[in-house]
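Secondary and tertiary structure notes
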Amino acid sequence: MMTENDSLTLKQLDTWIREGRALYVRTLLPKLVVSNIPRHQLRDYADIARRVQMPTLIIRWLRPLIRSEKPVIPLASDGEKAIYALALSRIGAFNEATEILTSLRLSKEPNVYYYLGLNAIEQWDFLSALGPLKKYVTHNGISD
C-alpha cells in the first residue's frame, strides 16, 4: 500500500492521464495521504482528481480547508474554493456550489468562470452557462 506521496508526483499523474491511464490514476489517488501533500500543491492534486472524475475525493481533501470550524491558516484560496465548489456541483449540491462560486466571481482565478458554466450545465441550464463560459475563454489568464 502506498503511503508516500513522493512516488506520485503531479507530473507523473498528469502524464498517465495524458497517456489514457486515467483509471490507473483513479486507483492511486485514494491511497495518497493528504497530510503528506504540501498545502501549496493540494489544489493541483485536487485538479488531478477532477480530471479523473473523483469529486468525493476532492471534497474529502478540501472540506477541512473550506468548511472548517476552526480557523485555517492560510485561508483557503480562491482556486481551492472553486475546485471544491465544482466537486459539490458534480455530486448534486448545486446551491452550495453556486453560493461559493458566485462569491468568487470577481476573482482573478479564471477557472471560477469555467466552473460556474459547468455548474449551470450540470443543472441543464445551458443559457446560464453561456455568460461565465464566455468570460472564461476571453480571460487574460487563459492561453490559446
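Below, the structure is looked at part by part. (Residues numbered from 1 in each chain as written. Predicted model: local features only at pLDDT ≥ 70, side-chain atom pairs only at ≥ 80, totals over all residues. Heavy atoms only, no water.)

Here we look at the overall build of the protein chain
What counts is decided by this rule: Under the scheme used here, helices are H or I runs from DSSP no shorter than 4 residues and strands are E runs no shorter than 2 residues, and both carry numbers assigned from the N terminus. A radius of gyration in this sense is built from C-alpha atoms; the matching globule rule multiplies 2.2 Å by the number of residues raised to 0.38. Throughout this description, buried means an accessible area under 20% of the type-specific maximum (1.4 Å probe, protein chains only), exposed means over 50%, and partly exposed covers the range between. Contacts are assigned to residue pairs with any non-hydrogen atoms lying within 4.5 Å of each other. Residue burial considers only the protein chains on display, and all accessible areas are found by Shrake-Rupley using a 1.4 Å probe. Within this scheme the basic residues Lys and Arg register as positive and the acidic residues Asp and Glu register as negative, but His and the chain ends are omitted. By convention, the point assigned to a charge is CZ for Arg, NZ for Lys, CD for Glu and CG for Asp.
What the protein chain contains, in helices and strands, is eight helices and zero strands. From first element to last, N terminus to C terminus, the protein chain shows the α and β order α-α-α-α-α-α-α-α. For 144 residues, the compact-globule estimate of 2.2 N^0.38 gives 15 Å, and the C-alpha radius of gyration of the protein chain, at 15 Å, lies within 12% of that figure. Across its three principal directions, the C-alpha atoms of the protein chain cover 45 × 40 × 30 Å. Within the protein chain, the fraction of its 144 residues that count as buried is 40%. Within the protein chain, counting contacts between residues at least 6 apart in sequence, those at least 24 apart form 54% of the total. Taken as a whole, the protein chain presents about 8,700 Å² of accessible surface, with 54% of it coming from carbon and sulfur. In the protein chain, 19 positive and 15 negative side-chain charges are present, and the distance between their average locations comes to 1 Å.

Observations regarding the environment of Leu75
Mapped onto the fold, Leu75 is located in the loop between α4 (55-66) and α5 (78-90). Accessibility expressed as a relative area gives 70% for Leu75, which makes it exposed. As for Leu75 and Leu65, which are separated by ten residues in sequence, their C-alpha atoms are 7.3 Å apart. In this view, Leu75 contacts Arg39 and Glu80; residues no more than four positions away in its chain are not counted.

Describing the packing of α5 against helix α7 (residues 111-122)
For any two helices packed against each other, the geometry comes down to the angle between their axes and how far apart the axes lie. Put simply, the rule reads: In this analysis an axis means a line fitted to C-alpha atoms, helices contributing only their contacting stretch, and an angle means the value between N-to-C directions, from 0 to 180 degrees. Any angle that falls under 35 degrees is termed roughly parallel, while one over 145 is termed roughly antiparallel, one within 65 to 115 roughly perpendicular, and all others oblique.
Contact geometry of α5 with α7 gives a least axis separation of 10 Å together with a crossing angle of 10°. Regarding the angle of α5 to α7, the classification is roughly parallel. Together, Ala82, Ile83, Leu86, Ser89 and Arg90 of α5 and Val112, Tyr115, Leu118, Asn119 and Glu122 of α7 make up the contact between the two elements.

Examining the packing of aromatic side chains
For any pair of aromatic rings, the description consists of the separation of the ring centres together with the inter-plane angle of the planes. Condition: Each Phe, Tyr or Trp ring, with Trp reduced to its six-membered ring, pairs with another whose centre is within 6.5 Å; inter-plane angles below 30 degrees give stacked pairs, above 60 give edge-to-face pairs, and intermediate values give tilted ones.
All chains considered together, the criterion is met by four aromatic pairs. With 5.8 Å between their ring centres and 45° between their planes, Tyr114 and Tyr115 make a pair best called tilted. Grouping aromatic residues by their ring pairs yields a cluster made of Tyr114, Tyr115 and Tyr136.

A word on the environment of Glu96
Looking at where Glu96 falls in the secondary structure, it is placed in helix α6 (residues 94-103). For Glu96, a relative accessible area of 28% gives the class partly exposed. Glu96 sits ten residues away from Leu86 along the chain, and the two C-alpha atoms are 9.9 Å apart. Setting aside chain neighbours within four positions, we find Glu96 in contact with Arg67, Tyr84 and Leu88.

So, helix α8 (residues 126-138)
In an α-helix, one full turn covers 3.6 residues, which means residues spaced three or four apart are oriented alike. Inclusion rule: By this rule the span expected of a helix is its residue count minus one, scaled by 1.5 Å. A residue's bend is given by the angle between axes fitted to the 7 residues ending at it and the 7 residues starting at it.
The first and last C-alpha atoms of α8 sit 18 Å apart over 13 residues, in line with the 18 Å expected at 1.5 Å per residue. Along α8, the sharpest change in direction is near 25° and occurs at Pro132. Listing the buried residues of α8 in full gives Ala129, Pro132 and Tyr136.

Focus: unusual backbone geometry
The omega torsion of the bond from Ile73 to Pro74 falls at -5°, within 30 degrees of zero and hence cis. Locating Pro74 in the fold gives a position in the loop between α4 and α5. Look at Trp124: it is not a glycine, yet its phi comes out positive at around 65°. As for its placement among the helices and strands, Trp124 is situated in the loop between α7 and α8.

From the geometry alone we can't say anything about function, so treat these as descriptive.
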